[in-house]
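Structural features, examined
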Amino acid sequence: MATNNKAIEHDIGVLGKFIQIYCNGKHNGQKSKVKGNGKIAQYIDPLNVELCDDCKKLLLYAASKRIICPYDPKPACKDCTTHCYAEPNKSKIREVMRYSGMRMIFKGSISYIKKFL
Ligand SMILES: [Zn+2]
């Protein structure tokens, strides 16, 4: 697979940004650049996000879920019948979206995040 799917690329970019905002605001621990394995790498590596280990796992999890999402176009997660996130990642990603979403709303980027809420 040489070319990236643009929709996936966009969504994973959003996820990366959100988790970065969250991690920067909440976690003081050591952060390092997130790298993906296999298919995820082409989406994750160019993002250049630096996260703590927990957030790194969450981003890789979310990205892998996004890549295997069978819907095109992808519906908002809350309207979707396939609840693909398992706990505890489900609660974690919700918290990230809430936290970072509030910060994005102030910047007027609400449409950006709707599909994840
Ligand atoms: Zn973190």
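Note that the coordinates shown come from a computational prediction; the quantities given were computed from them, not determined experimentally.

Distances from the zinc ion to its protein donors, Cys23 (SG), His27 (ND1), Cys52 (SG) and Cys55 (SG), fall within 1.9 to 2.3 Å. Geometry at the zinc ion is tetrahedral, judged from its four donor atoms and the angles of 100 to 124 degrees they form at the metal. Look at where the donors of the zinc ion fall in the sequence and you get C-x3-H-x24-C-x2-C. Of this pair, Cys23 sits in helix H1 (residues 6-26) while Cys55 sits in helix H3 (residues 53-68), and the two are 32 residues apart along the sequence.

Judged by nonpolar contacts, the single largest core of 28 residues is most densely connected at Ile12, Ile19, Ile44, Leu51, Cys55, Leu59 and Ile93. For this core, the elements supplying multiple residues, two or more each, are H1, helix H2 (41-44), H3 and helix H4 (89-106). With eight residues, H1 is the single largest residue contributor to this core. Not counting chain neighbours up to four residues away, the residues in contact with Ile93 comprise Leu15, Ile19, Leu58, Ala62 and Tyr85.

Quick notes on the rules
In this numbering scheme, every chain counts its residues from 1 along its sequence in written order. Under the rules for a predicted model, residues below a pLDDT of 70 receive no local features and side-chain atom pairs below 80 are neither given nor counted, while totals for whole chains, interfaces and linings still include all residues. Excluding hydrogens and water, the side-chain values take into account all heavy atoms of the structure. Atoms are scored as donors when they are N, O or S and lie within 2.8 Å of the metal, with 3.2 Å used for Na, K and Ca; no water is included, so coordination may look incomplete. Labels for metal geometry use angle windows, namely 85 to 135 degrees for all angles of a four-donor tetrahedral site, and for square planar (four donors) or octahedral (six donors) sites opposite donors over 155 degrees apart plus all others within 65 to 115; sites meeting none of these are irregular. Think of it this way: any DSSP run of H or I at least four residues long counts as a helix, any run of E at least two long counts as a strand, and we number them from the N terminus. For the purposes of this section, nonpolar cores are sets of buried Ala, Val, Leu, Ile, Met, Phe, Trp, Tyr and Cys residues that join through side-chain atoms within 4.5 Å. Relative accessibility decides the category of a residue: with a 1.4 Å probe and only protein chains considered, values under 20% of the type maximum give buried, values over 50% give exposed, and everything between is partly exposed. Whether two residues touch is decided by their heavy atoms; if any such pair falls within 4.5 Å, the residues are in contact.

These figures come from the coordinates and say nothing about function on their own.
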